[in-house]
Amino acid sequence: MDKVFFGNSGAEANEAAIKMARLHGHKKGIKLPTVLVMDNAFHGRTLATLSASGSRKVQAGFEPLVRGFARGSFNDIQSLETIADNNPNICAVFVEPIQGEGGIRVAADDYLKQLREFCTEKGWLLMLDEVQTGNGRTGKYFYYQHSGIVPDVVTTSKGLGNGVPIGACLAHGEAAELMQPGNHGSTFGGNPLACAAALAAVTTIEEENLCERAMVLGDRLMAGFKAALADVPHVKEIRGKGCMIGIEIDKPCKSLFPAAMTKGLIINVTADSVIRLLPPMVMSDAEADQVVAILAPLIKDFQQD
Ligand SMILES: Cc1ncc(COP(=O)(O)O)c(C=O)c1O
């Protein structure tokens, strides 16, 4: 990556990406530059990012939404040609490689590669939201490194600050030249305190080989859950990559959250029926086994919300 723009959150990093797409569109002579975003996407809660998100729950009450977004189906390369033919204003695609809030939906093999080829052919920016997948969580520093492509723009936040508010929008090649001095900024963006915390986080991820560790831990958890829940009829699917795991149940299961909490385990339930696990990448093997030992019986015995 060639340039980085700092903000204070994931949504702020994504705002910078959306602004870059608009600059790119105007440069191409497009009057209403439009960013293709996906069903069930989540990009944040500022006005532009909630408009880009694919969830009515996030948008409801905040209309009018920001214009300049078109929606496609995640993982559906076939539909892209039709979308491009029907909307000549599209100048960028913005996508999460694993939809986190959307229920741990993982990009299909080759999806990013095909997206990269399509964007290059059309002159669209390929922009990845790695706010949740970034910083080692899926086994590589960024998820896109699994597929051997390089996006034009990538955003990151959560694991970058490890609790300290920071977000970053990284741009590559021509995309890095779009923002000019004065186009973007924020009082606290890139402040020394947050940057020192982020530098410490990045250094620790590197020095302690936490990308590799995330993969090993994730495989261990995944194997543990698959074995423990093999013949549980209401478990639809167990999926994910590295330390980003979703267990889909065939009915809403939000009550599992307080149930796990009383046993000392913090989980999250997203998209109503997907248990989302984003465990610490510094866990021991024994702690990973404990997670399975606590959670699997709760899932097995789960009846109805
Ligand atoms: C993929 C993705 N993008 C953006 C955001 C928004 O980040 P923030 O809450 O830091 O604004 C999130 C937060 O959950 C996210 O998961």
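Below or above, wherever it landed, is the structure these notes cover. (Residues numbered from 1 in each chain as written. Predicted model: local features only at pLDDT ≥ 70, side-chain atom pairs only at ≥ 80, totals over all residues.)

**Some remarks on the overall build of the protein chain**
At step 1: Each helix and strand in the protein chain was counted, giving 10 helices and 13 strands.
At step 2: The C-alpha radius of gyration of the protein chain comes to 20 Å, within 12% of the 19 Å expected for a compact globule of 305 residues.
At step 3: Counting over 305 residues, the protein chain shows a buried share of 44%.
At step 4: Within the protein chain, contacts between residues separated by at least 24 positions form 70% of all contacts whose residues are at least 6 apart in sequence. (Helix = DSSP H or I, 4+ residues; strand = E, 2+ residues; numbered from the N terminus. Rg over C-alpha atoms; globule rule 2.2 N^0.38 Å. Buried ≥ 20, exposed ≤ 12 C-beta atoms within 10 Å, placed from the backbone. Contact = placed C-beta atoms within 7 Å.)

**What to know about the site of the ligand**
At step 1: Around the ligand, a shell composed of 14 residues is seen, among which Ser-9, Gly-10, Ala-11, Gly-44 and Val-131 lie nearest.
At step 2: It is helix α1 (residues 10-27) that contributes the most residues to the shell around the ligand, three residues altogether.
At step 3: Residue composition of the shell around the ligand, grouped by class: three nonpolar, eight polar and three charged. (Near = placed C-beta within 6 Å. Nonpolar A, V, L, I, M, F, W, Y, C, P; charged D, E, K, R; others polar.)

**Quick notes on the nonpolar core**
At step 1: Counting 80 residues, the largest nonpolar core has Ala-17, Ala-92, Val-93, Leu-125, Met-127 and Val-153 as the members making the most contacts within it.
At step 2: Of the residues forming this core, the biggest block, seven residues, is contributed by helix α8 (residues 210-228).
At step 3: Excluding residues that lie within four positions of it along the chain, Ala-17 makes contacts with Phe-94, Met-127, Val-153, Thr-155 and Cys-169. (Core = buried A, V, L, I, M, F, W, Y, C linked by C-beta atoms within 7 Å.)

**Comments concerning unusual backbone geometry**
At step 1: The omega torsion across Glu-63 and Pro-64 is 0 degrees, close enough to zero to call that bond cis.
At step 2: Looking at the secondary structure, you find Pro-64 in the loop between α3 (56-59) and β3 (69-72).
At step 3: Phi at Asp-110 is positive, roughly 80 degrees, even though this residue is not glycine.
At step 4: The topology assignment puts Asp-110 in the loop between β6 (105-106) and α5 (111-122).
At step 5: By the C-beta count within 10 Å, which is 11 here, Asp-110 ends up exposed.
At step 6: Although it is not a glycine, Asn-209 sits at a positive phi angle of roughly 50 degrees.
At step 7: In this fold, Asn-209 is placed in the loop between α7 (192-207) and α8.

**Remarks on the pairing of strand β7 (residues 125-129)**
At step 1: Across the five residues that make up β7, a large majority, five, are buried.
At step 2: Of the two faces of β7, both are covered, the one formed by Leu-125, Met-127 and Asp-129 as well as the one formed by Leu-126 and Leu-128.
At step 3: The sheet contact formed by strand β4 (residues 90-95) and β7 spans four bridges and is parallel. Opposite Phe-94, over in β7, you have Met-127 as the bridge partner. (Pairing = 2+ DSSP bridges.)

**Section: the packing of α8 against helix α10 (residues 285-300)**
At step 1: The contact between α8 and α10 brings their axes to 10 Å, and the two run at 30 degrees. Judged by the inter-axis angle, α8 sits roughly parallel to α10. Every pair of crossing elements has a handedness; the one defined by α8 and α10 is right-handed. Facing α8, whose interface residues are Leu-217, Arg-220, Leu-221, Gly-224, Phe-225 and Ala-228, α10 presents Asp-285, Ala-288, Asp-289, Val-291, Val-292 and Ala-296.
At step 2: Tallied by class, the residues present in the contact of α8 with α10 amount to eight nonpolar, one polar and three charged. (Axes fitted to C-alpha atoms, helices over the stretch in contact; angles between N-to-C directions. Parallel < 35°, antiparallel > 145°, perpendicular 65-115°, else oblique. Left-handed = near helix turned anticlockwise from the far one by under 90°.)

**Some words on α5**
At step 1: Its 12 residues give α5 an end-to-end C-alpha distance of 16 Å, which sits within 8% of 16 Å, the value for a rise of 1.5 Å per residue.
At step 2: Listing the buried residues of α5 in full gives Leu-112, Leu-115 and Cys-119. All buried residues of α5 fall inside an arc of 55 degrees around its axis, so they share one side. Facing away from the buried surface of α5 by more than 90 degrees, the exposed residues are Thr-120 and Glu-121.
At step 3: The elements touched by buried residues of α5 are β4 and β7.
At step 4: Backbone geometry just downstream of α5 places Gly-123 in the positive-phi region, at approximately 75 degrees. (Expected span 1.5 Å × (residues − 1). Arc of directions from axis to C-beta.)

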